Amino acid sequence: MGTVVGAAVAASLLSGCAGPEYTYVRDDSGGTYFKVPASWRQIDQKTLDKEFLGDAESATAQLAKQAVWTTAFDAHANPSLGHLLQGAAGAEDEPFVFAKVEKLSEDAQNAVSLNDLRNSALMPVVLPKEQRQQLEAQGLSGFELLDDEVLPVTDGVRGVHSVFNYSLLDGPVQTFDKTAYLSADGTTVSTLLIRCTPACYKKRAAEIATVVKSFKVKHLINP
């Protein structure tokens, strides 16, 4: 589950009666962290685990939990994991944030590329024509790349940032903002994915940019 760090409590104390402006989140290792507006509500972790890991009691799920950490936040008044790929029907859309930190297998560590980072944690960006056609046949169509950049290497941490559109099951177009980092030791991929409709993405650009800029991976030195 995402860890809300002490900075949020400190901010509340410093501001008197007013609550904290942001919720500060980090993964279990403390190596990946970001912040979201305090009004954005966290998705129930059991719901998230069931969606991405399956039966929580199964041996497969238990092993997956050792390699994968996830958390999600929804700005909608009625938060739902269903808003990850599509907005709320019949209502003004709100941003949805999904974060994933995954430990790579030894084989994956030896082969990981910048395109692997672009394709991490749902919503692939770079695909061969045949795979793109297969994805469209499955209902994920209308891909449009809006922005893509390789981020500066910082303390050995490599990263990419991509913004793109998709439409799920012939529904309205959704804009996705993805940042993915490979840890300095090459063992872990950390991904932040934000979804909103194009109109929502434009309207909430400042908030979304703040979340994106806060997403960092630091180099942890083992004792």
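Residues numbered from 1 in each chain as written. Predicted model: local features only at pLDDT ≥ 70, side-chain atom pairs only at ≥ 80, totals over all residues. Heavy atoms only, no water.

A. Quick look at the nonpolar core. F34, V36, W40, F73, V97, L192 and I194 are the most contacted members of the largest nonpolar core, which totals 20 residues. Looking at this core, the elements with two or more residues in it are strand 3 (32-37), strand 5 (68-74), strand 6 (96-103), strand 10 (188-196) and helix 8 (205-214). With residues up to four places along the chain from it excluded, the contact list for V36 reads E21, Y22, T23, F73, V97 and V211. (Core = buried A, V, L, I, M, F, W, Y, C linked by side-chain atoms within 4.5 Å. Buried < 20%, exposed > 50% of the residue type's maximum accessible area, 1.4 Å probe, protein only. Helix = DSSP H or I, 4+ residues; strand = E, 2+ residues; numbered from the N terminus. Contact = heavy atoms within 4.5 Å.)

B. Fine view of the sheet that holds strand 4 (residues 41-42). Here seven strands make up an open sheet; going across it, the order is 4-5-6-10-9-8-7 and the pairing antiparallel. The sheet is open, and its two borders are formed by strand 4 and strand 7 (140-154), each paired with just one other strand. Pairing between strand 4 and strand 5: two bridges, direction antiparallel. When the bridges of strand 5 are listed, Q42 appears paired with F73. (Pairing = 2+ DSSP bridges.)

C. Expanded view of the environment of L53. Of note, L53 is situated in helix 2 (residues 45-53). Residues L53 and L63, spaced ten residues apart in sequence, show a C-alpha to C-alpha distance of 9.4 Å.

D. Structural view of the state of the cysteines. Enumeration over the complete set of coordinates arrives at one disulfide. Disulfide pairing is shown between C196 and C200; the S-S distance is 1.5 Å. Its torsion about the S-S bond being 50 degrees, the disulfide of C196 and C200 is classed as right-handed. On the basis of relative accessible area, C196 is assigned to the buried category, the value being 0%. The buried category is assigned to C200, whose relative accessible area is 6%. (Disulfide = S-S within 2.5 Å.)

Structural measurements only, silent on function.
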